[in-house]
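# Observations on chain architecture
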Amino acid sequence: MRPDALLYPAPEGLYCPAGQFYVDPVRPVERALITHGHSDHARSGHANVLATRQTLDIMRIRYGDGFCGSEQAAALGEVMTVNGVTVSFHPAGHVLGSAQIAIEKDGTRIVVSGDYKRRPDPTCAAYEPVACDVFITEATFGLPVFHHPDPAGEMAKLYASLRQFPERTHLIGAYALGKAQRVIRLLRGTGYDQPIYIHGAMEKLCDYYVSQGIDLGELRPATIETSDKAMFNGAIVVGPSSAFSDRWARRFNEPLPAFASGWMMVRQRAKQQGVELPLVISDHCDWPELTETISELRPGEVWVTHGREEALVRWCELQGIKAKPLHLVGYEDEGD
């Protein structure tokens, strides 16, 4: 079967006509296969959803019990059949529950990677390469300029700031799903054993991570209405970056705004967002990891989506690998 007959872009998202399903559709559909729980990939309102158990749980936390008509959990590595098309879910290393989806029929296998990363991360299952004829890769950081540093070095920057400004409350902006829990684990893994305060918007997701065996240490609510403001002197508070620009953040003692994101490599972005301490910590592959992954898989074709598509397509062509951009819309960088 030709790959573009097995799977192709439609207004709703990637569509498999033989299996009558979509992958990460951007609007409600009859049957959706979901790679992970970030809101640009996992939307509510689908009639039927197939995803990993953890992704389904995360969707329920974010959208409520009625997030879909019916749900089906896929175990990692389990081979399933959807309307005559073979599908299987494999770890993507992006966030808890994230998976690549392998789609196969008549000898053609396409792997939809969703979002993925190759760096070690104890908060989710590590990426596993899956042999395929066509590899669909993201390109969030698909430019040669993006070389992300070791996260341990970024933690060292945070510790240096804590020593330099022991009286200031360090506010770390991080996406509620995946990045917040990873930052907390990075702190714990580098020896930080003090209580970490979290914004209320992150409480349920952090509780779920803990229920899945992810040790986040002592977490406390970052609520100052009922607390002594001085208790936050020198403390670390993790919350959504949007909360740090409102009155809530100004209640802390001399708040020092930080933000954990791969985009903090771009100084102008940090400046525009008023970030005093940029922490370059990404849940996506950087340029070397994207190209190394493709070189490792050596698929017959590479399809590139949501990100800096053209540079990665050109790199593939120079390596003798057929490639094309998919130009999908509706996918942002929520998990970066």
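Figured I'd write up the structure that's included with this text. (Residues numbered from 1 in each chain as written. Predicted model: local features only at pLDDT ≥ 70, side-chain atom pairs only at ≥ 80, totals over all residues. Heavy atoms only, no water.)

### Examining the overall build of the chain
Counting secondary structure elements, the chain contains 9 helices and 19 strands. For 336 residues, the compact-globule estimate of 2.2 N^0.38 gives 20 Å, and the chain sits close to it at 20 Å. Judged by the C-alpha coordinates and their principal axes, the chain covers about 65 × 45 × 30 Å. A total of 336 residues make up the chain; the buried ones form 55% of that total. Contacts in the chain between residues at least 24 apart in sequence constitute 60% of all its contacts with a sequence separation of at least 6. For the chain, the accessible area works out to roughly 13,600 Å², and carbon and sulfur atoms hold 49% of it. Positive and negative side-chain charges of the chain, numbering 33 and 42 respectively, have mean locations separated by a distance of 3 Å. (Helix = DSSP H or I, 4+ residues; strand = E, 2+ residues; numbered from the N terminus. Rg over C-alpha atoms; globule rule 2.2 N^0.38 Å. Buried < 20%, exposed > 50% of the residue type's maximum accessible area, 1.4 Å probe, protein only. Contact = heavy atoms within 4.5 Å. Areas by Shrake-Rupley, 256 points an atom, 1.4 Å probe, with all protein chains shown as cover. Lys, Arg positive; Asp, Glu negative; His and termini not counted. Charge placed at Lys NZ, Arg CZ, Asp CG, Glu CD.)

### Examining the nonpolar core
Formed by 34 residues in total, the largest nonpolar core has its most connected members in Leu158, Ile172, Leu187, Ile236, Val238 and Leu279. Mapped onto this core, the elements with two or more residues apiece are helix 3 (151-164), helix 4 (179-189), strand 13 (196-198), helix 5 (203-211), strand 15 (236-239), strand 16 (256-260) and strand 17 (277-279). In terms of residue count, helix 4 provides more of this core than any other element does, 5 residues in total. Contacts of leucine 279, omitting those with residues within four sequence positions, involve Glu154, Leu158, Ile172, Ala258, Phe259, Ala260, Ser261 and Met264. (Core = buried A, V, L, I, M, F, W, Y, C linked by side-chain atoms within 4.5 Å.)

### A few points about the sheet that holds strand 6 (residues 68-73)
Strand order across the open sheet formed by 6 strands is 1-2-3-4-5-6, with mixed pairing between neighbours. Only two strands of the sheet have a single partner each, and these edge strands are strand 1 (8-10) and strand 6. If you compare each strand with its neighbour and ignore which way they point, the axes differ by 35° on average. Alignment of strand 4 (residues 31-33) against strand 5 (residues 46-51), held across 3 bridges, turns out to be parallel. In the sheet register, leucine 33 faces strand 5, and the bridge partner there is leucine 50. (Pairing = 2+ DSSP bridges. Axes fitted to C-alpha atoms, helices over the stretch in contact; angles between N-to-C directions.)

### Examining the packing of aromatic side chains
The full count for this structure, using the stated rule, is 11 aromatic pairs. A network of ring pairs unites the aromatic residues Tyr8, Tyr15 and Tyr22 as a single cluster. In this arrangement the basic side chain of lysine 324 is found over the ring face of tryptophan 303, its NZ or CZ atom lying 4.5 Å from the centre. (Phe/Tyr/Trp six-rings, centres within 6.5 Å; stacked < 30°, edge-to-face > 60°. Lys NZ or Arg CZ within 6 Å of the ring centre and 35° of its normal.)

### A short note on the pairing of strand 12 (residues 170-173)
In strand 12, alternate side chains face the same way, and those of His170 and Ile172 on one face and Leu171 and Gly173 on the other are all buried. Strand direction decides the pairing type here: strand 12 and strand 15, joined by 4 bridges, are parallel. Bridge assignment links leucine 171 to a residue of strand 15, and that residue is valine 237. Across 4 bridges, strand 12 lies against strand 16 in parallel orientation. Within strand 16, the position partnered with isoleucine 172 by the bridge is alanine 258.

### Structural notes on the side chain of asparagine 48
Looking at where asparagine 48 falls in the secondary structure, it is placed in strand 5. Within polar-contact distance, the side chain of asparagine 48 engages the side chain of serine 70 at 2.5 Å. Once residues lying within four places of it in the same chain are set aside, the contact partners of asparagine 48 are Glu30, Arg31, Ala32 and Ser70. (Polar contact = N/O pair within 3.5 Å; in protein donor to acceptor, adjacent residues only side chain to side chain.)

### Regarding the state of the cysteines
One pass over the full model with this rule turns up 0 disulfides. Cysteine cysteine 68 is unpaired, with the sulfur of cysteine 16 as its nearest cysteine sulfur at 20 Å. Residue classification places cysteine 68 among the buried positions, given a relative accessible area of 12%. Unpaired in this structure, cysteine 285 has its nearest cysteine sulfur neighbour in cysteine 124, at a distance of 12 Å. (Disulfide = S-S within 2.5 Å.)

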